[in-house]
Amino acid sequence: EPEVTQTPSHQVTQMGQEVILRCVPISNHLYFYWYRQILGQKVEFLVSFYNNEISEKSEIFDDQFSVERPDGSNFTLKIRSTKLEDSAMYFCASSGDRVGNQPQHFGDGTRLSIL
Amino acid sequence: DQQVKQNSPSLSVQEGRISILNCDYTNSMFDYFLWYKKYPAEGPTFLISISSIKDKNEDGRFTVFLNKSAKHLSLHIVPSQPGDSAVYFCAVLQTGANNLFFGTGTRLTVIP
C-alpha cells in the first residue's frame, strides 16, 4: 500500500537555526498537509497545500513557517529561527481529494528537538 | 481549544469483548468525522469515517456511531483483539474546510 514517507525521523537543531522537514506524499495525491503534536498534547493542524499554493493555515503557521513543493514528489516544511517551543512531532499527510471525500494519510512523523 | 474532547485518556478491555471509545464536540458546523489509530513511533492511520447525514457506518469489526443532537460520536470495536491496542483519535472536519481538528486521544489496551 502506498505510504507517506518523512525524513529525517529525528532532527536535533540548535535554537535559532533553520530546519527543513521533508515529506514524500502518496504519488497520485493532490492535497498536502502538515500537522504537529507537542508532547502530551493533541495533534494540531498547521497548513494545507493544493495546486501549488497554501489553501488553509492555522494561527500556529506564522511567518516563521513556510512550505514548498520543489518538485513533483517532495513537500517540505521550513521553520526559520527555531524556538524551544517548536519541539514536537511533525506529521505530513496527503489526500487524493478533500477530506470529506477521501481521508488524509499520514507519515510516521519527524521528531524535532530544539536545544 | 476544547472543540473536540475525548474524556477517557485510557481504556482496558478483555480480548473478545467490545471496546467503546467516545468523542464529544462542540461546534455544530462540524460535518465529517473520522477515527484514526496510532501506534508508537508511527503516524495516525485512518480507520473509519462518517458524514453528518448518517448516524452509523460499519467496516468489519469497526462501527462508528454519530449522535448529532448530542454532538457525540463513538467507535465500537468488536471483537477486540490485542493488535487493536493503540491510541485512538477522533478527528472532525468543519463544513467548507479541509483541515482536521483532533481529540486528545484514548489509549486502548486489549488484554489477552
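Anything mentioned here points back to the structure above.
Just so it is clear, the structure is predicted and the values come from calculations on it, not from any experiment.

> Tell me about the interface of chain B and chain A, residues and numbers included.
At the interface, 21 residues of chain B touch 17 residues of chain A. Both sides together, the interface formed by chain B and chain A hides about 1,700 Å², and carbon and sulfur atoms give 57% of it. Inspection of the region where chain B meets chain A yields zero salt bridges. Across the chain B-chain A interface, the total number found is nine residue pairs in polar contact (both at pLDDT 80 or more). Of all the elements in the fold, those that place two or more residues in the side of chain B that touches chain A are β4 (30–38), β9 (86–94) and β10 (100–102) of chain B. Residue contributions to the side of chain B that touches chain A peak at four residues, all from β4 of chain B. Here the side of chain B that touches chain A is composed, by residue class, of 12 nonpolar, six polar and three charged.

> Requested: an account of the state of the cysteines, with residues and values cited.
Residue and element names in this part refer to chain B. According to the stated counting rule, one finds two disulfides over all chains in the structure shown. A sulfur-sulfur separation of 1.9 Å characterises the disulfide bridge that pairs Cys-23 with Cys-90. Between Cys-23 and Cys-90 the sulfur-sulfur dihedral comes to about 60°; the bridge is accordingly right-handed. A residue pair is termed long-range when its members are at least 10 positions apart, and Cys-23 in strand β3 (residues 19–25) and Cys-90 in strand β9 qualify at 67 residues.

> Just give me the short version of the pairing of strand β11 (residues 110–114) of chain A, but keep the residues and values in it.
All names here are of chain A. By the alternation rule, side chains of β11 split into Thr-110, Leu-112 and Ile-114, which are all buried, and Arg-111 and Ser-113, of which none is buried. Taken together, the four bridges between strand β2 (residues 10–13) and β11 define a ladder with parallel strand orientation. Counted as the bridge partner of His-10 is Arg-111 from β11. Where strand β9 (residues 88–95) lies against β11, three bridges are found, and the strand directions are antiparallel. Bridge pairing links Met-89 to Arg-111 in β11.

> Before we move on, could you go through the nonpolar core and cite the residues and values that matter?
Counting 23 residues, the largest nonpolar core has Phe-33, Trp-35, Leu-73, Leu-75 and Tyr-88 of chain B as its most contacted members. Those elements that provide at least two residues to this core are β3, β4, β5 (45–51), β7 (62–67), β8 (72–77), β9 and β11 (106–111) of chain B. Ranked by residue count, the leading element in this core is β9 of chain B, at four residues. Beyond its immediate sequence surroundings of up to four residues, Leu-73 of chain B is in contact with Leu-21, Asn-22, Cys-23, Tyr-25, Phe-33, Trp-35, Val-64, Phe-65 and Leu-66 of chain B. Core analysis: the second largest hydrophobic core is formed by 22 residues, Val-19, Trp-34, Phe-49 and Tyr-90 of chain A among them.

Here is what the cut-offs are and how they apply
Residues numbered from 1 in each chain as written. Chains lettered and ligands numbered in written order. Predicted model: local features only at pLDDT ≥ 70, side-chain atom pairs only at ≥ 80, totals over all residues. Heavy atoms only, no water. Contact = heavy atoms within 4.5 Å. Buried area = accessible area lost by both parts, 1.4 Å probe. Salt bridge = Lys/Arg side-chain N within 4 Å of Asp/Glu carboxyl O. Polar contact = N/O pair within 3.5 Å; in protein donor to acceptor, adjacent residues only side chain to side chain. Helix = DSSP H or I, 4+ residues; strand = E, 2+ residues; numbered from the N terminus. Nonpolar A, V, L, I, M, F, W, Y, C, P; charged D, E, K, R; others polar. Disulfide = S-S within 2.5 Å. Buried < 20%, exposed > 50% of the residue type's maximum accessible area, 1.4 Å probe, protein only. Pairing = 2+ DSSP bridges. Core = buried A, V, L, I, M, F, W, Y, C linked by side-chain atoms within 4.5 Å.

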